[in-house]
Amino acid sequence: MVALVGPNGAGKTTLLSIAAGLLRPTSGEVTVLDGCRPGSAAARTGIGFVAQDAPLYQHLPAGDMVAVAAKLNDSFDADWALARLKELRIALRQKVGALSAGQRAQLALTLAIAKRPRLLLLDEPMAALDPLARHEFMALLMAAVAECGPTVVFSSHQVSELERVADYLIVLNEGRLQVAGPVDDLLDAHRVLIGPAGNSLEAEKFAVVQATQAAAQSQLLVRADDRAGPVPPGWLSQPAGLTDIVLAYLRDPGQSALPKPELAVNAAGGSR
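What you see is a predicted model, and the numbers here were worked out from it, not measured in a lab. (Residues numbered from 1 in each chain as written. Predicted model: local features only at pLDDT ≥ 70, side-chain atom pairs only at ≥ 80, totals over all residues. Heavy atoms only, no water.)

Asks: What is the right way to read the overall build of the protein chain from this model?
Replies: Helices and strands together make up the secondary structure of the protein chain, namely eight helices and 10 strands. Counting contacts in the protein chain only where the partners sit at least 6 residues apart, residues at least 24 apart contribute 67% of the total. Of the roughly 14,000 Å² of accessible surface on the protein chain, a fraction of 52% belongs to carbon and sulfur atoms. (Helix = DSSP H or I, 4+ residues; strand = E, 2+ residues; numbered from the N terminus. Contact = heavy atoms within 4.5 Å. Areas by Shrake-Rupley, 256 points an atom, 1.4 Å probe, with all protein chains shown as cover.)

Asks: Before we go on, may I ask you to explain unusual backbone geometry in this structure?
Replies: Peptide bonds are trans in most cases, and residues, glycine excluded, mostly fall at negative phi. Of note in this structure, Arg89 is not a glycine but carries a positive phi near 60°. Within the secondary structure, Arg89 sits in the loop between α4 (78–87) and α5 (101–114). Positive phi values are uncommon outside glycine, yet Glu124 reaches one of about 45°. Structurally, Glu124 is set in the loop between β3 (119–123) and α6 (131–148).

Asks: I keep staring at the packing of aromatic side chains and nothing clicks. Help me out?
Replies: Aromatic ring pairs: the centre-centre distance and the angle between the two ring planes describe each pair. Counted according to the given criterion, the structure contains one aromatic pair. The lysine or arginine in question, Arg116, covers the ring of Trp80, its NZ or CZ lying 4.9 Å from the ring centre. (Phe/Tyr/Trp six-rings, centres within 6.5 Å; stacked < 30°, edge-to-face > 60°. Lys NZ or Arg CZ within 6 Å of the ring centre and 35° of its normal.)

Asks: Would you explain the nonpolar core in this entry?
Replies: Generally speaking, soluble globular proteins have nonpolar side chains that are buried together. Counting 56 residues, the largest nonpolar core has Leu107, Leu141, Phe154 and Leu169 as the members making the most contacts within it. Other than its neighbours up to four places away in sequence, Leu169 contacts Ala3, Val5, Val179, Ala180, Gly181, Val183, Leu186, Leu242 and Val246. (Core = buried A, V, L, I, M, F, W, Y, C linked by side-chain atoms within 4.5 Å. Buried < 20%, exposed > 50% of the residue type's maximum accessible area, 1.4 Å probe, protein only.)

Asks: In this structure, what is going on with the sheet that holds strand β10 (residues 236–239)? I would like to understand it.
Replies: With antiparallel pairing, the four strands of this open sheet are ordered in space as β8-β9-β7-β10. In this open sheet, the two strands that pair with only one neighbour each are β8 (207–213) and β10. Strand-to-strand, the axes of this sheet are offset by a mean angle of 25°, without reference to chain direction. Summarising the sheet, strand β7 (residues 190–196) and strand β9 (residues 217–223) pair through seven bridges and their orientation is antiparallel. Its bridge partner being in β9, Pro196 is matched across the sheet by Gln217. (Pairing = 2+ DSSP bridges. Axes fitted to C-alpha atoms, helices over the stretch in contact; angles between N-to-C directions.)

Asks: Would you explain the packing of α4 against α5 in this entry?
Replies: Each packed pair of helices is defined by two parameters, the angle between the axes and the distance between the axes. Following both chains from N to C, one finds α4 and α5 inclined at 155°, their axes separated by 9 Å at the closest point. Here α4 is positioned roughly antiparallel relative to α5, judged by the angle of their axes. As for the relative orientation of α4 and α5, their crossing is right-handed in sense. Residue-level inspection shows Trp80, Ala81, Arg84 and Leu85 of α4 in contact with α5, the latter providing Leu107, Thr110, Ile113 and Ala114. Taken together, the residues of the contact of α4 with α5 break down into six nonpolar, one polar and one charged. (Parallel < 35°, antiparallel > 145°, perpendicular 65-115°, else oblique. Left-handed = near helix turned anticlockwise from the far one by under 90°. Nonpolar A, V, L, I, M, F, W, Y, C, P; charged D, E, K, R; others polar.)

Note that every value here comes from positions in space, so none of it alone points to a role or purpose.
Here you go:
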């Protein structure tokens, strides 16, 4: 489960649309599924994509949407999709346009998963959902991942949605890759230092990502370095949370936790 995080306009939708074969890059190269070109027959077969607005035929009943998807995709599991809609209490005769935003999102996700993709791309699919619908959407997604095993790239600008489920994190800002790596490794590589106000220079030996000054104390998010040694006297070290890390790199686009802006994620979960 790859979390793709960034503010509005960071490039998340563009990146996912290129990976899905809906856009072509103006420069550079993107490959998916162990070297396939986005938009090729092999890529179309192996990728499922859910756009933010969950584009569906509004005038068709939900059951007919399943039939259309089955005609368009050779590997589509219509029986699974129909059973899933029954569990979600989405009536097959109800027109898509009459469904709630949460139901449309669930229908779009069901159709994408029933395709049995190796790679599932989700572009902020919960942006318009209320808290209960978001919870139900994530429950269906996690159940499907456990059952079918696709790699998922899930974009959002809300870290709280993904903090508990993401295995891998990508942070984009202003079209640049800021952070990429396994979540556990990123958490291990960062920490929060809290110390006396106006005394931040004592922490110079640490790679400071973000410094916050208040009247009584200084708070630093730093990249941990074995060579840095112990925390200076008067300072407290605390584990950094994923939200702390993401917000720090989003606030300062000049920062980067990458040796070079290069990333590839394949359907087996590997990356570079």
